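Chain by chain, the residues run as shown.
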Amino acid sequence: MRHDVVLYQGEALGRYGFGGGHPFGPDRLSAFLTELARQGLDRTVKAAAPVAATDEALSWFHDAAYVRRVRLQSLSGGGFLDQGDTPAVPGIFDAASHVVGSVLAGATLLLRGEASRVFVPIAGLHHARRTGAGGFCVFNDIGVLIEALKRQGLTRIAYVDIDAHHGDGVYYDFEDDPCVFSADIHEDGRFLYPGTGGRDESGRDAGAGRKLNIPLAPGAGDREFLAAFDEVEVLVRAARPEIILLQAGADSVAGDPLAHLALTPEAHRHAAKRLCALAGEYAQGRVLAMGGGGYNRDNLAATWTGVVRELLASR
């Protein structure tokens, strides 16, 4: 049976986060679900339980030695998995595995025609690299997903990232990959982590011209975003994608404690609406959206709920 919009939720996803006042706390999922219920949208989506990824699936993108390291550090806790942003808290391996597994399961539903849209709120961990963590991201669920889609024979994958931070873990690890058409609108790296994503970074070798990076100045709002998104649409149309992936990070909305953009949730709704329309033209309607960043709880709740509303409206 085909379900219109599938939403992955549950304790295993909610556990992905870091305590002790860390910006990426484990309360982010509940903040979103509370707003979703307040607007009555929880009754219009199909809830799905989180799914754990296997070590084999994680190794499609990540180095096996790194996967083992995360498992070991997760057992005892303590220390960091990167240079100081991503703590190795107890249980983080299992939580991160459920992020990856839920994204993979959602993609399977889309490819089988059992869903028209999928949203995984705690996902889109775009900073992790093949051999290490970065920027609160333990495993790169997007990277694993892209590798999984390629294993399924897909050769035209569109990835759109509107998080305030440049998705370096996706861009650089697929920079030369002709199967991945990526477009990333983010705050200028001269002012924000990870300091990358310049206009001149447009892919290389077989991937040249298939990547688009659009840095926005601090304080940029919806007007600048909409102009940038016109460029995104051109790239997506050129890709004629078989599936569209959206990283809908809410840290680009005004008032986020870690970034300096001034978008409203309407920017994310616009992105979701337009990508759903493009998916209807080229990708059999397949859109998999991921929550990404966002550290102002009111912002992420309003923004992600708006994305879900558009996924529902354009099904």
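Use the structure listed above.
Every value quoted in this text rests on a predicted model; they were computed, and no experiment measured them.

Visitor: Where do I start with the overall build of the protein chain in this structure?
Guide: Each helix and strand in the protein chain was counted, giving 10 helices and 8 strands. The C-alpha radius of gyration computed for the protein chain amounts to 17 Å, which stays within 12% of the reference 20 Å derived for 315 residues, consistent with globular compactness. Across its three principal axes, the protein chain shows a C-alpha extent of roughly 50 × 45 × 40 Å. Restricting to contacts in the protein chain with at least 6 residues of sequence separation, those with at least 24 account for 77%. Total accessible area computed for the protein chain in this model is approximately 11,600 Å², and 50% of it derives from carbon and sulfur atoms. Taken together, the 31 basic and 39 acidic charged side chains of the protein chain have centroids lying 6 Å from each other.

Visitor: I would appreciate a short explanation of the packing of aromatic side chains in the present structure.
Guide: Given two aromatic rings, their pairing is described by the distance between the two centres and the angle made by the two planes. Applying the stated rule across the entire model yields 14 aromatic pairs. Taken together, a centroid distance of 6.0 Å and an interplanar angle of 85 degrees make the contact between tyrosine 66 and phenylalanine 139 edge-to-face. Separated by 73 residues along the polypeptide, tyrosine 66 in helix 4 (residues 64–76) and phenylalanine 139 in the loop between strand 3 (115–120) and helix 6 (141–151) bring together distant segments of the chain. Judged by its relative accessible area of 1%, phenylalanine 139 falls in the buried class. Where phenylalanine 93 meets phenylalanine 139, the ring centres are 5.7 Å apart and the plane angle is 90 degrees; that geometry is what we call edge-to-face. Of this pair, phenylalanine 93 sits in helix 5 (residues 92–112) while phenylalanine 139 is found in the loop between strand 3 and helix 6, placing the two residues 46 residues apart along the sequence. Here the two residues phenylalanine 93 and phenylalanine 139 agree in accessibility, since each one is buried. An aromatic cluster of three or more residues is present, and its members are Tyr16, Phe18, Phe24, Phe136 and Tyr295. We note arginine 28 situated over the ring of phenylalanine 24; from NZ or CZ to the ring centre the distance is 4.0 Å.

Visitor: Help me out: how do you make sense of the packing of helix 2 (residues 28–38) against helix 10 (residues 297–313) in this one?
Guide: To describe two helices that pack against each other, one gives the angle between their axes and the distance between the axes. Closest axis-to-axis distance for the helix 2/helix 10 pair is 8 Å, and the angle between their directions is 55 degrees. What the angle tells us is that helix 2 and helix 10 run oblique. Relative to helix 10, the crossing made by helix 2 is right-handed. In contact with Arg28, Ala31, Phe32, Glu35 and Leu36 of helix 2, helix 10 contributes Arg297, Leu300, Ala301, Ala302, Trp304, Thr305 and Val308.

Visitor: What exactly am I supposed to notice about the environment of glutamine 83 here?
Guide: In this fold, glutamine 83 is placed in the loop between helix 4 and helix 5. Residue classification places glutamine 83 among the exposed positions, given a relative accessible area of 84%. Considered as a pair, glutamine 83 and glycine 132 are 49 residues apart in the sequence and their alpha carbons are 10.0 Å apart.

Visitor: Looking at this structure, how should I read the pattern of salt bridges?
Guide: Pairing between side chains of opposite charge can happen when their charged atoms approach one another. This structure, assessed with the given rule, holds 19 salt bridges. The salt bridge partner of arginine 15 is glutamate 11, with a shortest N-O separation of 3.5 Å. Exposure remark for arginine 15: the relative accessible area of 39% places this residue in the partly exposed category. Residue class for glutamate 11 comes out exposed when judged on its relative accessible area of 62%. Here arginine 204 ties to glutamate 175 by a salt bridge, and the two come within 3.2 Å at their closest N and O atoms.

Visitor: Could you clarify how one ought to interpret the pairing of strand 8 (residues 287–290) in this entry?
Guide: Where a strand is regular, its side chains alternate between the two sheet faces. On strand 8, burial covers both faces: Val287 and Ala289 on one face and Leu288 and Met290 on the other are all buried. As paired strands, strand 3 and strand 8 are joined by 4 bridges and run parallel to one another. Paired with valine 118 across the two strands is leucine 288, which belongs to strand 8. Pairing of strand 7 (residues 243–247) with strand 8, which is carried by 4 bridges, proceeds in the parallel orientation. Paired with leucine 245 across the strands is leucine 288, a residue of strand 8. Regarding the hand of the β-α-β motif, the stretch spanning strand 7, helix 9 (residues 265–282) and strand 8 is right-handed.

Analysis parameters
Residues numbered from 1 in each chain as written. Predicted model: local features only at pLDDT ≥ 70, side-chain atom pairs only at ≥ 80, totals over all residues. Heavy atoms only, no water. Helix = DSSP H or I, 4+ residues; strand = E, 2+ residues; numbered from the N terminus. Rg over C-alpha atoms; globule rule 2.2 N^0.38 Å. Contact = heavy atoms within 4.5 Å. Areas by Shrake-Rupley, 256 points an atom, 1.4 Å probe, with all protein chains shown as cover. Lys, Arg positive; Asp, Glu negative; His and termini not counted. Charge placed at Lys NZ, Arg CZ, Asp CG, Glu CD. Phe/Tyr/Trp six-rings, centres within 6.5 Å; stacked < 30°, edge-to-face > 60°. Buried < 20%, exposed > 50% of the residue type's maximum accessible area, 1.4 Å probe, protein only. Lys NZ or Arg CZ within 6 Å of the ring centre and 35° of its normal. Axes fitted to C-alpha atoms, helices over the stretch in contact; angles between N-to-C directions. Parallel < 35°, antiparallel > 145°, perpendicular 65-115°, else oblique. Left-handed = near helix turned anticlockwise from the far one by under 90°. Salt bridge = Lys/Arg side-chain N within 4 Å of Asp/Glu carboxyl O. Pairing = 2+ DSSP bridges. Right-handed = clockwise from strand over helix to strand, strands pointing away.

Nothing here speaks to function; it is all geometry.
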